[in-house]
Number of protein chains: 2
Amino acid sequence: MYKIQHEKLAQAISILNENDVWITFVRETAHNSDPVLELILGFGVTWHSALIISGSGRKIAIVGRYEVESVRRMGGYDEVIGYDASIQPTLRAAIDELRPAQVLVNYSESDSAADGLSHGMCLTLARYLEGYPLASAESVISALRGRKSPSEISRIRAAVDLTAQVIDSVTGLLRPGLSEVDIARHIHAEFDRHGVTPAWEPAHCPAVNCGPESPLGHTGPSADYIIQPGQLVHIDLGVKLDDYVSDIQRVWYLQPAGEQDVPRAIQDAFRAVHGAIQAAADVLRPGVQGWQVDQAAREHLVSTGYPEYQHATGHHIGRTVHDGATALGPRWERYGQTPFGIVEAGNVFTLELGVSVPGYGAVSLEEDVLVTDSGIEWLMEPQTEPIVVPV
Amino acid sequence: MYKIQHEKLAQAISILNENDVWITFVRETAHNSDPVLELILGFGVTWHSALIISGSGRKIAIVGRYEVESVRRMGGYDEVIGYDASIQPTLRAAIDELRPAQVLVNYSESDSAADGLSHGMCLTLARYLEGYPLASAESVISALRGRKSPSEISRIRAAVDLTAQVIDSVTGLLRPGLSEVDIARHIHAEFDRHGVTPAWEPAHCPAVNCGPESPLGHTGPSADYIIQPGQLVHIDLGVKLDDYVSDIQRVWYLQPAGEQDVPRAIQDAFRAVHGAIQAAADVLRPGVQGWQVDQAAREHLVSTGYPEYQHATGHHIGRTVHDGATALGPRWERYGQTPFGIVEAGNVFTLELGVSVPGYGAVSLEEDVLVTDSGIEWLMEPQTEPIVVPV
């Protein structure tokens, strides 16, 4: 237990500069949690609590008396200090001993995963630590969340592997006459059978598109779109297994009896879409900026004559499907600073894009990849042609 | 669907003053939600979103384009406005039209349920609404959360009724030789069978104490404490059913064969503890302050010669087991302003306290009560004597 939190605490110390002091300050996390807490503690707290990590390697937890034992058992903090009446004197003394020039706290206008400090708690902390300027810990949190530890990577692998099993089960299910809703129900039943939950809102996970009329995007599966022979089925799905997610898109082709080859238009679309994903994968490595990866995929797709997609090519996955700051996206205003983030080893990204094939449906693919020291590893074999279901 | 949210939106307008404008400002609620959101929307959002409620009765939602349809279908907002690039111009225009002297937002140093605005989002909002002072909405949120609507009350009733069934099943189970862990397992299985979850962390819900040696407080059930004939079993449990909780404590006595009456020490403890709860119930009505209710129970218990308990006599329950600001607690520094809150009709409180009975175990009782216009209604028949299990 708490293996991931121990790994993340060690990482945090390596990310912080020698003189940095970082405080995660929370209370009543059943009401207001902080997304950092699951990385550095692993459970909630009730009274005002401060988790203090210094670049010099000290890890101090100050928590209400009744929670001291849980934090001690968690084992990640060298000092666990309890209090009864007020956290203020203990917290102030701990910071006075560390004497930082400033204190890093969890707020960020641009990254919600680094914005767990509530405004009321920020006011309280500023009073308690009067004289110490508070600064944003966003760069620390972005690195901490983005660089997956060994245990985090194995959990994501397990989620991806389970997703591959669900995809296989869908191949066995598909036949003309089933609706998008029927397919989504089967997938939810498979999730239940495996004891996992959808990686995002169940109403949209899976997203299912049968044929060329079904709208892509943030809409749920519909009973109005029915599998037809000679058409495509597109599914976007992911599972959450042991707190970590997958996020995959796959495409099936319902091949009519007697047809020899998959229609040329579908083959062309696969070549373009997988080609663009491969182009992104070819440049994805530590040190590149997010937009450079996006540009490689985007330019490849456009060069094949298909229309440009209107979203980023990829995002982090981890505890959530949009798991942190760096986007593999274009330098458009709506993406803010996120395309300028630097890719690091241990990041896990999606690579995703698609095109419409008139008369057939959507060829939209999404792969999950781990950034290694020199490039990437595909976490699932990438899809290069439709899964053919003879009918 | 969304019946509760419609009721709470109507309530919010009645709580606000004519000229008040209240904004709930959130994004990526999968990372950082706001506890108010479940009351006034009922689901999460992704892009920057503003839920604006004015005392004059206007309800405006400004959300990202892809979420407009979900908010329209929810049906609580008169105007649902979508945006693509930035929420700023639309939000600014809406507030400029309302022209409030100040804007109420969700921060509070003292009440975590009213502190859902993150510090980063507060900085963004202050920039967007430059010229309008931001003030705390804590009194609005405290009233909104505390005054349970008819649908909320029926859900709490259902949770309490189900808890009574689980308590009955425990009576059928208890026998010498079972450990605290065995009892907790049975209760978790009952929760699963009824499709409900524990009202607080599963490791401590239920809390189970067998006999006089088992420590009361925030510790989990232990395999080391075993039911013995002639001893007490104390359980603190609650369920979450349809998002609303119960929170109840009950006490059993394992009566040895041949014993005629429950031992006098246990009878005395019940008389004192239930008497103190009854004393609190006698003064609990709209208009009293929390500390007055606490004082009635506390003085009654101490007058019977038992030692004073070191916690508040009661707290709100609702969507969470500590559901808002007003505490039925003593005017001790650690409770801050919460004992000074005014009790209102529609509040649902616990009344809870206990004593140790040397040689037998804990007599600690907890009742759930609804504040009516003139007093209280017990949501479960209060316990006045131990549940006797002959062994």
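These numbers come from a predicted model, not from an experiment.

A. Representation of the overall build of chain A within the structure. Tallying secondary structure elements over chain A gives 10 helices and 18 strands in all. Here the C-alpha radius of gyration of chain A, 24 Å, is about what a compact globule of 391 residues would show, namely 21 Å. When its C-alpha atoms are laid out on the principal axes, chain A stretches across 80 × 40 × 30 Å. Classification of the 391 residues of chain A by burial places 57% in the buried group. Long-range contacts, defined here as pairs at least 24 residues apart, represent 66% of the contacts in chain A between residues at least 6 apart. Just so you have it, chain A exposes about 15400 Å², and 49% of that area is on carbon and sulfur atoms. Of the side chains in chain A, 28 bear a positive and 50 a negative charge, and the two mean positions are spaced by 6 Å.

B. Highlighting the interface of chain A and chain B. Taken together, the 33 residues of chain A in the interface contact 33 residues of chain B. On the chain A side of the interface with chain B, the three residues burying the most area are His31(A), Glu109(A) and His119(A), jointly 26% of the side's total. On inspection of chain A and its partner chain B, the count reaches 4 salt bridges. No other element matches helix α5 (residues 119-128) of chain A, which puts 7 residues into the side of chain A that touches chain B. Considered class by class, the residues forming the side of chain A that touches chain B number 10 nonpolar, 14 polar and 9 charged.

C. Region of interest: the pattern of salt bridges. All names here are of chain A. Using the criterion set out here, one finds 43 salt bridges over all chains in the structure. Of the charged contacts, one joins Arg298 and Asp294 as a salt bridge, the two residues approaching to 2.7 Å between their closest N and O atoms. Linking Arg298 with Asp294, this pair stays in helix α10 (residues 290-303), spanning 4 residues, or about one helical turn. Asp294 sits in the buried class, given a relative accessible area of 2%. It is possible to trace a salt-bridge network through shared partners that takes in Glu38, Arg145, Lys148, Asp243, Arg319 and Asp323.

D. Molecular detail of the sheet that holds strand β11 (residues 244-245) of chain B. Residue and element names in this part refer to chain B. Strand order in this open sheet of 3 strands is β7-β10-β11, and the pairing throughout is antiparallel. Both edges of this open sheet fall to β7 (197-198) and β11, since each of them pairs with a single strand only. Of the strand pairs in this sheet, β7 and strand β10 (residues 239-241) are connected by 2 bridges, and their pairing is antiparallel. Each residue of the ladder has a partner; that of Pro198, found in β10, is Val239.

E. Layout of the packing of aromatic side chains. Under the definition given, this model contains 10 aromatic pairs over all chains. Judged by centre distance (5.9 Å) and plane angle (50°), the ring pair of Trp47(A) and Tyr83(A) falls under tilted. Of this pair, Trp47(A) sits in the loop between α2 (37-40) and β2 (49-54) while Tyr83(A) is found in strand β4 (residues 79-83), placing the two residues 36 residues apart along the sequence. Here Trp47(A) falls in the partly exposed class, since its relative accessible area comes to 24%. Taking the centre distance of 6.0 Å and the plane angle of 80° together, the rings of Trp47(B) and Tyr66(B) count as edge-to-face. Placement of Trp47(B) in the loop between α2 (37-40) and β2 (49-54) and of Tyr66(B) in the loop between β3 (59-64) and α3 (68-74) is noted, with a sequence separation of 19 residues between them.

F. Structural view of the nonpolar core. Trp22(B), Ile40(B), Leu41(B), Tyr77(B), Ile183(B), Val233(B) and Ile235(B) are the most contacted members of the largest nonpolar core, which totals 70 residues. For this core, the element with the most residues is helix α7 (residues 150-173) of chain B, which contributes 9 residues. Looking at which domains feed residues into this core, each of domain 1 (3-146) and domain 2 (150-390) of chain B gives three or more. If near-sequence neighbours (up to four positions away) are discounted, Tyr77(B) is found in contact with Leu9(B), Ile40(B), Leu41(B), Leu51(B), Lys59(B), Ile60(B), Ala61(B) and Val71(B). Val36(A), Ala135(A), Leu254(A) and Val389(A) belong to the second-largest nonpolar core, a separate cluster that totals 69 residues.

G. Seen up close, the relation of the copies chain A and chain B. You can overlay chain A on chain B at an RMSD of 0.1 Å; the transform is a turn of 179° with a shift of 0.0 Å along its axis. Within this description, the copies of the chain are treated as partners about a two-fold rotation axis. A high fraction, 94%, of the interface residues of chain A reappear at the interface in chain B, so the copies pair face to face through one surface.

H. Structural context of the sheet that holds strand β7 (residues 197-198) of chain A. With respect to topology, 3 strands assemble into an open sheet ordered β7-β10-β11 (chain A), the strand pairing being antiparallel. At either margin of the open sheet sits one strand with a lone partner, and together these are β7 and β11 (244-245) of chain A.

I. Region of the structure containing helix α8 (residues 180-194) of chain B. Residue and element names in this part refer to chain B. Spanning 15 residues, α8 covers 21 Å between terminal C-alpha atoms, matching the ideal 21 Å at 1.5 Å per step. Three or more residues of α8 are buried, namely Glu180, Ile183, Ala184, His186, Ile187, Glu190 and Phe191. All buried residues of α8 lie within an arc of 160° about the axis, which places them on one face of the element. Summarising the geometry of α8, the exposed residues directed more than 90 degrees from the buried face are Arg185, Asp192 and Arg193. Taken together, the buried residues of α8 touch α7, β7, β8 (207-210), β9 (232-237) and β10. The first or second residue beyond α8 is Gly195, which carries a positive phi of 70°.

J. Focus on the domain arrangement of chain A. All names here are of chain A. Examined at the domain level, chain A breaks down into domain 1 (3-146) and domain 2 (150-390). One C-alpha centre belongs to domain 1, the other to domain 2, and the line joining them spans 36 Å. The interface of domain 1 with domain 2 comprises 12 residues on the first partner and 14 residues on the second. Overall, the association of domain 1 and domain 2 removes approximately 1000 Å² of surface from exposure, summing both partners, and the carbon and sulfur fraction of that is 46%. Considering only the side of domain 1, the residues that lose the most area to domain 2 are Ile4, Arg145 and Gly146, jointly responsible for 47% of the buried surface there. Residue Lys8 pairs with Glu152 through a salt bridge whose shortest N-O separation is 2.6 Å.

K. Inspection of the packing of helix α9 (residues 264-283) of chain A against α10(A) at higher detail. All names here are of chain A. Interhelical geometry of α9 versus α10 gives an angle of 150° and a closest axis separation of 8 Å. Regarding the angle of α9 to α10, the classification is roughly antiparallel. In the crossing of α9 with α10, the sense of the turn from one axis to the other is right-handed. Listed contacts from α10 to Ala272, Val273, Gly275, Ala276, Ala279, Ala280 and Val283 of α9 are Gln292, Val293, Ala296, Ala297, His300 and Leu301.

L. Structural detail: helix α1 (residues 3-15) of chain B. A rise of 1.5 Å per residue sets the reference length of α1(B), with its 13 residues, at 18 Å; its end C-alpha atoms lie 18 Å apart and thus fit the reference within 8%. Of all the residues in α1(B), the buried ones are Ile4(B), Gln5(B), Glu7(B), Lys8(B), Leu9(B), Gln11(B), Ala12(B) and Ile15(B).

M. Expanded view of the pairing of β2(B). Residues and elements named next belong to chain B. Burial within β2 is extensive, with 6 of its 6 residues counted as buried. Residues of β2 alternate between two faces, with Ser49, Leu51 and Ile53 on one and Ala50, Ile52 and Ser54 on the opposite face, all of them buried. Bridge analysis of strand β1 (residues 21-26) against β2 gives 6 bridges, and the strand direction is antiparallel. Along β2, the bridge assignment pairs Trp22 with Ile53.

N. Geometry of unusual backbone geometry. Residues and elements named next belong to chain A. With an omega dihedral of 10°, the bond running from Cys205 to Pro206 counts as a cis peptide bond. Structurally, the position occupied by Pro206 is in the loop between β7 and β8 (207-210). Notably, Arg99 is not glycine yet its phi reads approximately 50°, a positive angle. Tracing the backbone shows Arg99 in the loop between α4 (88-98) and β5 (103-105).

The rules behind the values
- Residues numbered from 1 in each chain as written.
- Chains lettered and ligands numbered in written order.
- Predicted model: local features only at pLDDT ≥ 70, side-chain atom pairs only at ≥ 80, totals over all residues.
- Heavy atoms only, no water.
- Helix = DSSP H or I, 4+ residues; strand = E, 2+ residues; numbered from the N terminus.
- Rg over C-alpha atoms; globule rule 2.2 N^0.38 Å.
- Buried < 20%, exposed > 50% of the residue type's maximum accessible area, 1.4 Å probe, protein only.
- Contact = heavy atoms within 4.5 Å.
- Areas by Shrake-Rupley, 256 points an atom, 1.4 Å probe, with all protein chains shown as cover.
- Lys, Arg positive; Asp, Glu negative; His and termini not counted.
- Charge placed at Lys NZ, Arg CZ, Asp CG, Glu CD.
- Buried area = accessible area lost by both parts, 1.4 Å probe.
- Salt bridge = Lys/Arg side-chain N within 4 Å of Asp/Glu carboxyl O.
- Nonpolar A, V, L, I, M, F, W, Y, C, P; charged D, E, K, R; others polar.
- Pairing = 2+ DSSP bridges.
- Phe/Tyr/Trp six-rings, centres within 6.5 Å; stacked < 30°, edge-to-face > 60°.
- Core = buried A, V, L, I, M, F, W, Y, C linked by side-chain atoms within 4.5 Å.
- Domains from an automatic or database assignment.
- Least-squares fit on C-alpha atoms with pLDDT ≥ 70 in both.
- Expected span 1.5 Å × (residues − 1).
- Arc of directions from axis to C-beta.
- Axes fitted to C-alpha atoms, helices over the stretch in contact; angles between N-to-C directions.
- Parallel < 35°, antiparallel > 145°, perpendicular 65-115°, else oblique.
- Left-handed = near helix turned anticlockwise from the far one by under 90°.

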